[in-house]
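Reading the structure
The lines below spell out each chain.
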Amino acid sequence: MHTTTAPAPRTRRRRRIVYKGEASIRNTVVLALIAFNLLLLVIPVGIAFAGSFHNWNPLSGVYDPVGLDNYVRMVQDPRLLQSITNTTAFGVVVIVARVVIGLALALAIFSRATRFKTFFRALFYMPTVTPLVAVAYVWKMMYDPQVGAINAIFGLDVNWLFDTSFALPAIMLMTIWKDFGYAVILFLAGLYSLPEDVMEAAQMDGANAWQRFRRITFPLLRPMTIFVVITSLISYLQAFIQVLVLTKGGPGSSTFLLSYLIYDEAFVKYNFGYASAVAFALFVVTAVLTLLSFAATGMRIRRPGSSRTVRTEA
């Protein structure tokens, strides 16, 4: 006896309703965005790139071609080397602190023992949405050696912003306080998306809290961790406002970061050609590091509880 099965009925595709004027609005928005990027991004970047090959001073009207002299000067500039060293130290310390503090606080808030979770999320995220200029001025008053709160609270006698040993760490501390809440919220989002069955199975198998974190939680949070590192890397390579408000690069040039060096060359010394060259070098470094960081998201990791390795994408 042969049985036949009726073919599944075809599902008719619904035609999307196109409202009158929708196409013109869409095209207008797209053209406006293209014009915006051309006028405020592409054209200024092109002008700056061309200016990096010139001795360029807008005040005196000088715009003389010098070839690669500005780029050769970068290799010989001791302030650039110090700025690179300062930027590297600043970025490494602040990014590591941001990830560690953010993950630790996210785990604490995520814990079932923690009450008032919404309050703590808002409390830790509040500095992130506060304008950086306002935060920098408040911290500048707190660092004051005479009436500052930090010396008064801890009984110290440190001239934070005028001592070469403490000025850059002071900027790091302020930046960590300002930005760690961003990592807290992102890690919390990652923790709430973890599969509960995997965690419960590990707990039933006798894994303690540290083993669950090291073998399950942290590997599953790898894409979120890489995302925090990438966004932090891009941000801190361009750090500028905190240096401008707190120290203006001093004492001496001990707190010069790359972005502040570009500002100093362009808007203090009006050497726009050299500043453009440094800016493009920073752009290339930022792009390369970002691409390498994105490539790291394709690393193979072992899924907890499985013998297979899977590729994860941030």
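Anyway, here's the lowdown on the structure attached to this text. (Residues numbered from 1 in each chain as written. Predicted model: local features only at pLDDT ≥ 70, side-chain atom pairs only at ≥ 80, totals over all residues. Heavy atoms only, no water.)

Attention now moves to the layout of surface pockets. Taken as a whole, the largest pocket holds about 690 Å³ of empty space. In terms of lining, the largest pocket is formed by 16 residues, of which the most central are Phe-110, Ser-111, Arg-112, Met-199 and Arg-212. Elements with a minimum of two residues in the lining of the largest pocket: α3 (78–110), α7 (167–192), α8 (196–204) and α9 (209–220). Along the lines of polarity and charge, the residues of the lining of the largest pocket split into eight nonpolar, three polar and five charged. Reported here for the second largest pocket is a volume of approximately 530 Å³. Forming the walls of the second largest pocket are 20 residues, and the residues nearest its centre are Val-45, Ile-262, Ala-279, Phe-280 and Phe-283. Secondary structure elements with two or more residues in the lining of the second largest pocket: α1 (22–51), α12 (258–268) and α13 (272–296). (1 Å grid on protein atoms, 1.4 Å probe; cavity = no way out; pocket = protein on both sides within 12 Å on 5 of 7 lines; lining within 4 Å. Points joined across faces, edges and corners; volume = space filled by probe spheres on them. Helix = DSSP H or I, 4+ residues; strand = E, 2+ residues; numbered from the N terminus. Nonpolar A, V, L, I, M, F, W, Y, C, P; charged D, E, K, R; others polar.)

Attention shifts here to the pairing of strand β1 (residues 54–57). In this sheet, strand β2 (residues 62–65) lies alongside β1 in antiparallel orientation, the contact comprising four bridges. Opposite Asn-57, over in β2, you have Val-62 as the bridge partner. Here β1 folds back onto β2, and the loop between the two strands holds four residues, one of which, Gly-61, carries a positive phi near 75°. (Pairing = 2+ DSSP bridges.)

Between the first and last C-alpha of α1 there are 42 Å, a value that for 30 residues agrees with the 44 Å anticipated at 1.5 Å per step. The sharpest bend along α1 reaches about 45° and sits at Leu-38. (Expected span 1.5 Å × (residues − 1). Bend = angle between axes of the 7 residues up to and from the residue.)

It is worth spelling out the pattern of salt bridges at this point. The tally for this structure, following the rule as stated, stands at five salt bridges. Close ionic contact of Glu-265 with Arg-73 constitutes a salt bridge, the shortest N to O distance being 3.6 Å. Of the two residues, Glu-265 is situated in helix α12 and Arg-73 in helix α2 (residues 69–76); the sequence distance between them amounts to 192 residues. Close ionic contact of Glu-265 with Lys-269 constitutes a salt bridge, the shortest N to O distance being 3.8 Å. (Salt bridge = Lys/Arg side-chain N within 4 Å of Asp/Glu carboxyl O.)

Moving on: the packing of aromatic side chains. Scanning the model with the defined rule gives 24 aromatic pairs in all. Ring geometry for Phe-267 against Phe-272: centres 5.5 Å apart, planes inclined by 75°, an arrangement best described as edge-to-face. Accessibility expressed as a relative area gives 17% for Phe-272, which makes it buried. By way of ring pairs, the aromatic residues Trp-56, Tyr-63, Phe-240, Phe-256, Tyr-260, Tyr-263, Phe-267, Tyr-270 and Phe-272 are connected into one cluster. Its guanidinium or amino end placed over the ring of Tyr-274, Arg-73 lies 3.7 Å from that ring's centre, counting from NZ or CZ. (Phe/Tyr/Trp six-rings, centres within 6.5 Å; stacked < 30°, edge-to-face > 60°. Buried < 20%, exposed > 50% of the residue type's maximum accessible area, 1.4 Å probe, protein only. Lys NZ or Arg CZ within 6 Å of the ring centre and 35° of its normal.)

A negative phi holds for most residues other than glycine; trans holds for most peptide bonds. A cis amide bond links Gly-250 with the next residue in sequence, Pro-251, at an omega value of -5°. One non-glycine residue, Phe-116, lies in the positive phi region at around 55°. Examined against the element boundaries, Phe-116 turns out to sit in the loop between α3 and α4 (117–129). Positive phi outside glycine occurs at Lys-248, with the angle close to 55°. Checked against the element boundaries, Lys-248 lands in the loop between α11 (241–246) and α12.

For α2, the set of buried residues is Asn-70, Tyr-71 and Met-74. The buried side chains of α2 occupy one side of the element, clustering within an arc of 100° when seen end-on. Turned more than 90 degrees away from the buried face of α2, the exposed residues are Val-75 and Gln-76. (Arc of directions from axis to C-beta.)

Taken together, the side chains of Val-30, Leu-31, Ile-34, Phe-36, Leu-38, Leu-39, Leu-40, Leu-41, Val-42, Ile-43, Val-45 and Ile-47 define a hydrophobic patch exposed on the protein surface, amounting to about 1,100 Å² of accessible area. For Ile-43, the position within the fold is in helix α1. Classification of Ile-43 as partly exposed rests on a relative accessible area of 41%. (Patch = residues over 30% accessible without salt bridge, like charges linked within 9 Å, V, L, I, M, F, W, Y side chains within 5 Å. Areas by Shrake-Rupley, 256 points an atom, 1.4 Å probe, with all protein chains shown as cover.)

Here we come to the environment of Tyr-270. On the secondary structure map, Tyr-270 appears in the loop between α12 and α13. For Tyr-270, a relative accessible area of 31% gives the class partly exposed. Taking the C-alpha atoms as reference, Tyr-270 lies 7.5 Å from Leu-59; in sequence the two are 211 residues apart. When neighbours within four sequence positions are excluded, Tyr-270 is seen to be in contact with Trp-56, Asn-57, Pro-58, Leu-59 and Glu-265. (Contact = heavy atoms within 4.5 Å.)

The subject of this paragraph is the packing of α7 against helix α10 (residues 222–236). Contact pair α7 / α10: the axes reach a minimum separation of 10 Å and the direction vectors enclose 155°. By the angle between their axes, α7 is roughly antiparallel relative to α10. Relative to α10, the crossing made by α7 is right-handed. Where α7 abuts α10, its residues Thr-175, Asp-179, Tyr-182, Ala-183, Leu-186, Phe-187 and Gly-190 lie against Met-224, Thr-225, Phe-227, Val-228, Thr-231 and Tyr-236. (Axes fitted to C-alpha atoms, helices over the stretch in contact; angles between N-to-C directions. Parallel < 35°, antiparallel > 145°, perpendicular 65-115°, else oblique. Left-handed = near helix turned anticlockwise from the far one by under 90°.)

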